[in-house]
Amino acid sequence: MRTLISPLLKGLSITALACAIALPAEASDSKTSEPTVKQKVVKKQKRKRDPRAKIYRTKSCMACHGRNGARAIRDYPNLAGQNAKYLKQQMLDIQSGARVAGIEEETGHPRTKGMADIMHLVNKDEIKGLADWLSDLPPAKLRPPEEPVTEEQIAAGKKAYKKLGCKACHGKDGTKASNKAYPIIAGQKKAYLIHQMTDMRDKIRVNAKSKLMYGVIKRAKDEQIVAIADFLSSIQRKTKKKK
Ligand code: HEC
Ligand code: HEC
């Protein structure tokens, strides 16, 4: 349904949409499906009107991190449902240059560069707003892996995750961090997870609380990192409970 509505929404202005909703005549041809579509449009419209959503759309975040922070392109991270405190710190650090990343093959630049280049468009208050907004959004739905992953591989990842002691900070299966400033790592993209674990092991990513990772991640072999990424990317991130 989402794919059906979104191209439709794209072309319409808010006013045009408001008119479409206000006209009851439109609803008469299909009694059963119309209210659901209508409700969805209203919900989407409400979400779109949120000033933070507007910042997200107009300051180019959406181009890289996808619709509502849940459809990132390439090996870029999905953001929806992440801890707000963590998100805020990472944005500030990418803005200031404190967080950098390994080199992206396609561009020859550190993977953080494209984002760092646009971060002058947002101020601290907007960053805080974006962090809260993104954190409350429903997380990305799991998608089948690009290349099939065996049960054995996922089990190996789970075992390495347990053995290396990741649980102490990221929870049993990566869905619940032990501190609000730590990231939720379940349901994240495999390639992104591999990049981060490797960048921290190689001390390329050194910002914020990265130090906390060094002791454990330095013991992780390449194949364990891949297996852990397979394991974590196979777990659905939880939707945040409403306060
Ligand atoms: C040109 C592409 C691009 C744009 C535009 C962009 N980002 Fe990013 N963003 C990235 C990439 C790539 C990373 C991960 C870098 C890495 O691999 O270390 C990232 C990382 C992040 C992170 C840290 C995620 C984590 O789990 O640690 C947050 C939060 C974030 N972006 C939010 C935003 C917001 C909000 C905007 C708009 C103001 C934005 N980004 C604009 C590409 C982009
Ligand atoms: C002592 C606490 C601690 C332990 C143990 C730990 N981590 Fe972390 N991890 C963190 C913190 C804190 C961060 C965020 C660093 C920052 O502030 O930038 C992080 C970040 C990450 C990230 C990047 C998330 C993102 O969105 O960019 C991944 C992936 C990760 N950890 C995986 C692991 C794995 C796998 C293990 C076990 C091998 C592990 N961590 C063990 C505390 C820990």
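See the structure above.
Everything numeric here is computed off the predicted structure, so don't read it as measured data. (Residues numbered from 1 in each chain as written. Chains lettered and ligands numbered in written order. Predicted model: local features only at pLDDT ≥ 70, side-chain atom pairs only at ≥ 80, totals over all residues.)

Caption draft 1: Fine view of the site of ligand 1. Around ligand 1, 22 residues are found, and the nearest of them are Cys61, Cys64, Ala101, Gly114 and Met115. Counting only elements with at least two residues in the shell around ligand 1, the list comes to α5 (61–65), α6 (84–96) and α7 (113–116). Here the shell around ligand 1 gets 4 residues from one element, more than from any other, and that element is α5. Looking at side-chain class alone, the shell around ligand 1 contains 14 nonpolar, 6 polar and 2 charged residues. (Near = placed C-beta within 6 Å. Helix = DSSP H or I, 4+ residues; strand = E, 2+ residues; numbered from the N terminus. Nonpolar A, V, L, I, M, F, W, Y, C, P; charged D, E, K, R; others polar.)

Caption draft 2: The site of ligand 2, seen in detail. Taken together, 24 residues surround ligand 2, and among them Leu164, Cys166, Cys169, Ala208 and Lys209 come closest. At the level of elements, α10 (167–170), α11 (190–201) and α12 (211–217) are the ones that each hand at least two residues to the shell around ligand 2. Here the shell around ligand 2 gets 4 residues from one element, more than from any other, and that element is α12. Looking at side-chain class alone, the shell around ligand 2 contains 18 nonpolar, 5 polar and 1 charged residues.

Caption draft 3: Inspection of α6 at higher detail. With 13 residues, α6 extends 18 Å between its outermost C-alpha atoms, agreeing within 8% with the 18 Å of an ideal straight helix rising 1.5 Å per residue. If you check which residues of α6 are buried, you get Tyr86, Leu87, Lys88, Gln89, Gln90, Met91 and Ile94. The elements touched by buried residues of α6 are α7 and α8 (124–136). Looking at the residues trailing α6, positive phi occurs at Gly97, about 90°. (Expected span 1.5 Å × (residues − 1). Buried ≥ 20, exposed ≤ 12 C-beta atoms within 10 Å, placed from the backbone. Contact = placed C-beta atoms within 7 Å.)

Caption draft 4: Representation of the nonpolar core. Counting residues in hydrophobic clusters, the biggest one holds 19 residues, and the most contacted among them are Met197, Ile225, Ile228, Ala229 and Leu232. Those elements that place two or more of their residues in this core are α9 (151–163), α11, α12 and α13 (222–232). Among residues more than four places away in sequence, those in contact with Met197 are Ile217, Ala220, Ile225 and Ile228. (Core = buried A, V, L, I, M, F, W, Y, C linked by C-beta atoms within 7 Å.)

Caption draft 5: Looking closely at the packing of α11 against α13. Axis separation between α11 and α13 bottoms out at 9 Å; the angle between their running directions is 140°. With respect to each other, α11 and α13 are oriented oblique. As α11 packs across α13, the resulting crossing turns out to be right-handed. Together, Lys190, Leu193, Ile194, Met197 and Thr198 of α11 and Ile225, Val226, Ile228, Ala229, Asp230 and Leu232 of α13 make up the contact between the two elements. Residue composition of the contact of α11 with α13, by class: 8 nonpolar, 1 polar and 2 charged. (Axes fitted to C-alpha atoms, helices over the stretch in contact; angles between N-to-C directions. Parallel < 35°, antiparallel > 145°, perpendicular 65-115°, else oblique. Left-handed = near helix turned anticlockwise from the far one by under 90°.)

Caption draft 6: Main features of unusual backbone geometry. Backbone geometry at Asn68 places phi at a positive 50°, although glycine is not the residue there. Along the chain, Asn68 falls in the loop between α5 and α6. A positive phi angle is found at Lys203, which is not glycine, with a value near 55°. Along the polypeptide, Lys203 turns up in the loop between α11 and α12. Among the residues examined, Lys203 registers 12 C-beta atoms within 10 Å and is labelled exposed.

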